[in-house]
Amino acid sequence: MSDITIIDLSRVLAGPYATMVLADLGARVIKVEHPKGGDDARAYGPFIRGHSAYFASINRGKQSIALDLKSAKDRLVFEALLERADVLVDNYRPGVMARLGYGWEGLAARYPRLIHAATSGFGQTGPDSQKAAYDMVVQAMGGIMSVTGHPGGPPTRVGTSVGDITAGLFTVIGILTALHDRDRTGKGQFVDVAMLDGQIAILENAIARYAATGESPGPLGARHPSITPFAAYQCANAPIVIAAGNDQLFAALAKALGLADDPRFASNDARTAHAEELAALIEAVLATRPAAHWLSRLDAAGVPCGPLNNISQALANPQVKARNMVVHTALPDGTPLIAAGNPIKLSGHADPDTRAPAPGLDADRAAILKELGL
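Predicted model only: the values in this text are computed from it and were never measured. Position labels on residues start from 1 in each chain and follow its written sequence. Thresholds applied to this predicted model are a pLDDT of at least 70 for local features of residues and 80 or more for the giving and counting of side-chain atom pairs; totals over whole chains, interfaces and linings are not thresholded and use all residues. Hydrogens and waters are ignored; side-chain quantities use all the structure's heavy atoms.

### Some remarks on the sheet that holds strand 9 (residues 230-234)
Then, in step 1: Here the rule is simple: two strands pair whenever DSSP picks up at least two bridges between them. What counts as a helix is a DSSP run of H or I of at least four residues, what counts as a strand is a run of E of at least two, and both are numbered from the N terminus. The strand order across the open sheet built from three strands is 9-10-11, with neighbouring strands paired in antiparallel fashion. Among the strands making up the open sheet, the edge pair consists of strand 9 and strand 11 (305-307). Strand-to-strand twist in this sheet, taken as the mean axis angle between neighbours without regard to direction, amounts to 25°.
Then, in step 2: Relative to strand 11, strand 10 (residues 239-243) runs antiparallel, the two sharing three bridges. The residue bridging V241 from the neighbouring strand is G306, located in strand 11.
Then, in step 3: Residue contacts follow a heavy-atom distance rule, with two residues in contact if any of their heavy atoms lie within 4.5 Å. Simply put, an axis is a line fit to the C-alpha atoms, just over the touching stretch for a helix, and the angle between two N-to-C directions goes from 0 to 180 degrees. Across the sheet, helix 12 (residues 275-286) touches strand 9 and strand 10, and the angle it forms with strand 9 is around 40°.

Below, the structure is given as structure tokens:
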């Protein structure tokens, strides 16, 4: 994607996550930030030597120029960027770009090959399109918090910003589709992605259960709602996860643990109906030995299983390291920083273990203006 230039007006996470993925795939990303403070995420912790590690981890490898789109002089620069751009990304509320004079109809007429991707809380249409949103708002409204946590527990947010991240990933998919279409038609198009839509799209089994029963499902802790055993189970010293997704795997699990034949567990439906009784039997066996013993035994039996890692353990996992999923980048001042790597491995693209640093605010102004002949 080295021939693709993206002008990125987005801030915080959903839009910047999308452009980070595209930058990792080789696109050139130019962040256009407001001169007063830039991307809001620059002020989000944690901080290292006064710089936001949060901002740096999402904006590595991008360029930055500060422009006030209400300034006539800066608008000329912005429009010169659009002349050379393939994609424009923003995450303003619907209508903001039009009020700035950059609505889709005008952009399409002036820059017919330009793709404009707008990622917002609720999308460009519908009764809530003008509402403000952050990740937790759409997690709550989209139903995912209602199936997260433990039965009877308080409302629980998913541990990462899935409202933003899913919207960012769907934005990437939309942009790539529009680029593919442009190869055929010669024309750009408008890509409309809503964070709330993304939450509905990933509800998966919860929608199927509601459709089948007419009842809204609730949280089940670490247990899968319709596959058993598929949960976290306690060993002598730590919990492990076991995922026996079919009868053959359950038979292998039962043999490895020495569980007796029992008609209550003869099929997946039966096991799910008696999930608590089965869990008690499994944990009675697991409690006799430490987690490492059982993980080794279950691996040997071909039963999907794994430890419950914290972040430090996950990043140190030899498999994670072998897949280059911890890469080295830097803060704007050059201070080293680790970040998540690119999970898309392409045979025709290198996957270096370093990434260019995140830019300081307006750090690339001189180079960009020179390139534009301004």
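Structure's up, so let's keep going.
### Details of the layout of surface pockets
Then, in step 1: Here a cavity means grid points, on a 1 Å grid over the protein atoms only, where a 1.4 Å probe fits yet cannot get out; a pocket means an open set of points with protein on both sides within 12 Å along at least five of seven lines; lining residues are those with an atom within 4 Å of a point. Grid points are joined across faces, edges and corners, and a volume is the space filled by probe spheres set on the points. Looking at the largest pocket, its volume works out to about 990 Å³.
Then, in step 2: Residue lining of the largest pocket: 31 residues in total, with Y17, S57, I58, T160 and A340 positioned closest to the centre.
Then, in step 3: Among the elements of the structure, helix 1 (14-24), helix 2 (53-58), helix 7 (162-185), helix 14 (311-316) and strand 13 (336-340) are those that each provide at least two residues to the lining of the largest pocket.
Then, in step 4: Residue polarity is assigned by list, with Asp, Glu, Lys and Arg as charged and Ala, Val, Leu, Ile, Met, Phe, Trp, Tyr, Cys and Pro as nonpolar; anything else, Gly included, falls into the polar class. Tallied by class, the residues present in the lining of the largest pocket amount to 22 nonpolar, seven polar and two charged.

### Concerning the state of the cysteines
Then, in step 1: Disulfides are defined in this document as cysteine sulfur pairs within 2.5 Å. Taken as a whole and assessed by the stated rule, the structure comprises zero disulfides.
Then, in step 2: With no disulfide of its own, C235 lies closest to C305 among cysteine sulfurs, the gap being 9.4 Å.

Just distances and angles here, no functional claims.
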